[in-house]
Amino acid sequence: MSVVLETRALEKRFGGITATSDVSLKVETGARHALIGPNGAGKTTLINLLTGVLAPTSGTVWLDGRDITGLAAHKRVGRGMVRTFQINQLFSDLTPLQSLALSVSAQSGASAGFWKALGRAPGVAETCDTLLRQFHLEDVMHMRVKHLAYGKRRLLEIATALACKPRVLLLDEPVAGVPEGDRQEIFDIINALPGDVSILLIEHDMDLVFNFAKSVTVLVNGGVFAEGDVASIAADPRVKAVYLGEGGNAHG
Amino acid sequence: MSAALAGLKRDTRWRWWEFALFAALLLSWVVLPGRALLLNEIAILALFAISLDLVLGYAGIVSLGHAAFLGFGGYAAALFAKLVMPDPWVGLGFAVAVTALLGLLTSVLILRGSDLTRLMVTLGVASILHELANKMDWLTGGADGLQGVAMGPLITPFGRFDFDLGGRVAYGYTLFVLIVCLLLARKVVHSPFGISLQALRDNRLRASSIGLSVNLRLVAVYTLAAGIAGAAGALLAQGSGFASLDLFDFHRSADVMLVLVIGGTGYLYGGIFGAIVFKMLEDLISAWTPQYWNFWLGLFLVLLMLIGRERLLSPRSWLRRRGA
């Protein structure tokens, strides 16, 4: 399997605090890779480094064998790397329909058009139809996002990322705050993505991680603590100690 | 048809009140010839406010120096008429082009920093231009203003019209430009580009996370808005045959902000409604009590802010409150 996303000796320091230290990570094409670790392990910081929201102090990020360390965040999306946010980041005054239509348009370059109205470019409306149906947003597609219930906003958060046609999808706790019963549904949609889409998942719910992922990286204190396939990580006594010793699955 | 496409078409269809507004604008020229001077001022202020609305209401960029573009457009049009040729259309085109260029150049200043930074930077740019126009008196006439601007006749398919003292020709000219700019702006704000401006206003982090270049969009909308403000300035200068430092003045930037506060931002027509209310208030109050116009305007603003525009201006909400 070829490596699609890679970091080499990635390091991020905020003043005296090292949030990411010497992380070398490989995500293979089509991977279902989970990133776990106790609170403050630097998981979200790592995602921010991968997507270009933060610039690393040292080290490099590679996508498709090319160094993208200095590439602007929006250009990484153009190369197929898309993320979701642990805390919803949505367009509060747009409707779900507009948000999705804009996200879909952005991938074809149609979002730069300033003459034809939104969603008239070929294929955009059809993709929106599919996403609205998949994520049960049809009945609220004309409501402003700020008026949506939390659950719907969470669904829109994930749908917005999928609207960007990811090849590499970074999911930062996608089901955080989603009721137990609806979690599986979100994962069903994620699981239904084509096999060549590579997924890196940050998640606290160990049942979900072990059901979904094939490989796992454990981060502790900003560094890679353990790596391997699901079975070996699940059986690793050191990983168990880290989790049980530092508060188990609790998060905040 | 797909539900999404139907929904998106619903978002952009023409509302009945939009037709009514355009009809009213055209009618005002026919039925109120005696008030053409006031109407012309209103229409130019509305155009200026639409320009600020694109920047402030859609892209969320605050500015206290939008008069920089009004003044620049005004002087560009007046100088063009004086030094190159007196044709108003060509002068208008020239003013729009150079003001848009100024917008393009100064847009780099509003890309970084907080709202407070932007307020100060835009204010600063307007002050610099104000002082330049003052000091370069060999070109601009300095504090006396640019005198001796003779405008040529307005050449239209209906014939040639000289600008008259009653302002009727000027108002017709302004109305035409206002309507063209409105239609253009309406197209733009419903386009993917226009929606992406609202997206980056709401959440820049997410806008870049769906692959949008935030900076490129801010540069584009600032340039467009500068061009429209330049048109407003050109209309002012051409209609009066005069350009003065007052065009760059701080009160111009503040007034246009007030117009948007009154009319509302982010739906394109706030500038028109705001300009009508603002100028009518000014006209009525200063006819009634010339010295205290600012007092009454201030009181109106305080009430507007405390009660809220929706409740103050929409009779429907009064009924709902009584019914509830």
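Residues numbered from 1 in each chain as written. Chains lettered and ligands numbered in written order. Predicted model: local features only at pLDDT ≥ 70, side-chain atom pairs only at ≥ 80, totals over all residues.

Colleague: Where do I start with the overall build of chain B in this structure?
Modeller: The helix and strand inventory of chain B stands at 16 helices and two strands. In terms of overall dimensions, chain B is globule-like: its C-alpha atoms have a radius of gyration of 20 Å, near the 20 Å expected for 324 residues. Each principal axis of the C-alpha atoms in chain B carries an extent, and together these give about 60 × 45 × 45 Å. The buried share of chain B, reckoned over its 324 residues, is 47%. Once local pairs closer than 6 in sequence are excluded, the contacts in chain B between residues at least 24 apart make up 76%. (Helix = DSSP H or I, 4+ residues; strand = E, 2+ residues; numbered from the N terminus. Rg over C-alpha atoms; globule rule 2.2 N^0.38 Å. Buried ≥ 20, exposed ≤ 12 C-beta atoms within 10 Å, placed from the backbone. Contact = placed C-beta atoms within 7 Å.)

Colleague: Just to check I follow, could you spell out the overall build of chain A for this structure?
Modeller: Within chain A, the secondary structure is distributed over nine helices and ten strands. Computed over C-alpha atoms, the radius of gyration of chain A comes to 18 Å, within 12% of the 18 Å expected from 2.2 N^0.38 for 252 residues, which places it in the range of a compact globule. The proportion of buried residues among the 252 residues of chain A is 46%. Counting contacts in chain A only where the partners sit at least 6 residues apart, residues at least 24 apart contribute 66% of the total.

Colleague: Looking at this structure, how should I read the nonpolar core?
Modeller: Counting residues in hydrophobic clusters, the biggest one holds 168 residues, and the most contacted among them are Leu47 and Val221 of chain B. Among residues more than four places away in sequence, those in contact with leucine 47 of chain B are Val177, Leu178, Cys181, Ile228, Ala231 and Ala232 of chain B. (Core = buried A, V, L, I, M, F, W, Y, C linked by C-beta atoms within 7 Å.)

Colleague: For this particular structure, what's the right way to read the packing of helix H3 (residues 36-58) of chain B against helix H13 (residues 270-288) of chain B?
Modeller: Angle between the axes and distance between the axes: these two values describe a pair of packed helices. Residue and element names in this part refer to chain B. Between H3 and H13, the least distance of the axes is 8 Å, while the angle of their chain directions is 135°. Between H3 and H13, the interaxial angle falls into the category oblique. Viewed along their axes, H3 and H13 form a crossing whose handedness is right-handed. Each of Leu38, Glu41, Ile42, Leu45, Ala46, Ala49, Ile50, Asp53 and Gly57 in H3 lies in contact with H13, whose residues at this interface are Gly270, Gly271, Ile272, Gly274, Ala275, Ile276, Phe278, Lys279 and Asp283. Residue composition of the contact of H3 with H13, by class: ten nonpolar, four polar and four charged. (Axes fitted to C-alpha atoms, helices over the stretch in contact; angles between N-to-C directions. Parallel < 35°, antiparallel > 145°, perpendicular 65-115°, else oblique. Left-handed = near helix turned anticlockwise from the far one by under 90°. Nonpolar A, V, L, I, M, F, W, Y, C, P; charged D, E, K, R; others polar.)

Colleague: Before we go on, may I ask you to explain the packing of helix H3 (residues 96-108) of chain A against helix H4 (residues 124-134) of chain A in this structure?
Modeller: Residues and elements named next belong to chain A. Between H3 and H4, the least distance of the axes is 9 Å, while the angle of their chain directions is 130°. In terms of orientation, H3 lies oblique with respect to H4. Seen from above, H3 lies across H4 with right-handed handedness. Packed against H3, whose contacting residues are Leu97, Leu100, Ala101, Val104 and Ser105, the element H4 presents Val124, Thr127, Cys128, Leu131 and Leu132 at the interface. A per-class count over the contact of H3 with H4 returns eight nonpolar, two polar and no charged.

Colleague: Please explain the confidence of the model for chain A as it appears in this structure.
Modeller: It should be kept in mind that the predicted coordinates are not to be read in detail where pLDDT is low. All names here are of chain A. Counting all residues, the mean pLDDT for chain A is 90, and 96% of those residues have values of 70 or more. Within chain A, the lowest mean pLDDT, 79, falls on helix H9 (residues 237-245), and the highest, 97, falls on strand S6 (residues 81-83). Across residues 247-252, where pLDDT falls below 50, the model places eight contacts with residues more than four positions away in sequence or in other chains. (pLDDT = per-residue confidence, 0-100.)

Colleague: I would appreciate a short explanation of the pairing of strand S10 (residues 223-229) of chain A in the present structure.
Modeller: Two faces belong to every sheet, and in a regular strand the side chains alternate between them. Residues and elements named next belong to chain A. Summarising the sheet, strand S9 (residues 215-220) and S10 pair through six bridges and their orientation is antiparallel. Counterpart to serine 215 in the pairing with S10 is aspartate 229. Where S9 folds back on S10, the antiparallel hairpin that results is connected by two residues, among which asparagine 221 adopts a positive phi of roughly 50°. (Pairing = 2+ DSSP bridges.)

Colleague: Help me understand the sheet that holds strand S2 (residues 17-28) of chain A, please; the structure alone is not making it clear to me.
Modeller: The strands that make up a sheet are held in pairs by hydrogen bonds between backbone atoms, and each pair lies either parallel or antiparallel. Residues and elements named next belong to chain A. A sheet is described by the order of its strands in space; here four strands give the open sequence S2-S1-S4-S5, paired in antiparallel fashion. Both outer strands of the open sheet, S2 and strand S5 (66-67), are each paired with one neighbouring strand and no more. The sheet contacts of helix H1 (residues 43-51) involve strand S1 (3-14), S2 and strand S4 (58-63), and relative to S2 the element is tilted by about 65°.

Colleague: Sorry if this is basic, but what is going on with the sheet that holds strand S8 (residues 198-202) of chain A here?
Modeller: Residues and elements named next belong to chain A. One open sheet holds the six strands; their spatial order is S6-S7-S8-S3-S9-S10, and the pairing between them is mixed. The open sheet is flanked by S6 and S10, the only strands paired with a single partner. With direction set aside, neighbouring strand axes in the sheet form an average angle of 15°. In this structure, S6 lies alongside strand S7 (residues 168-172), joined through three bridges in parallel fashion. Its bridge partner being in S7, valine 82 is matched across the sheet by leucine 169.

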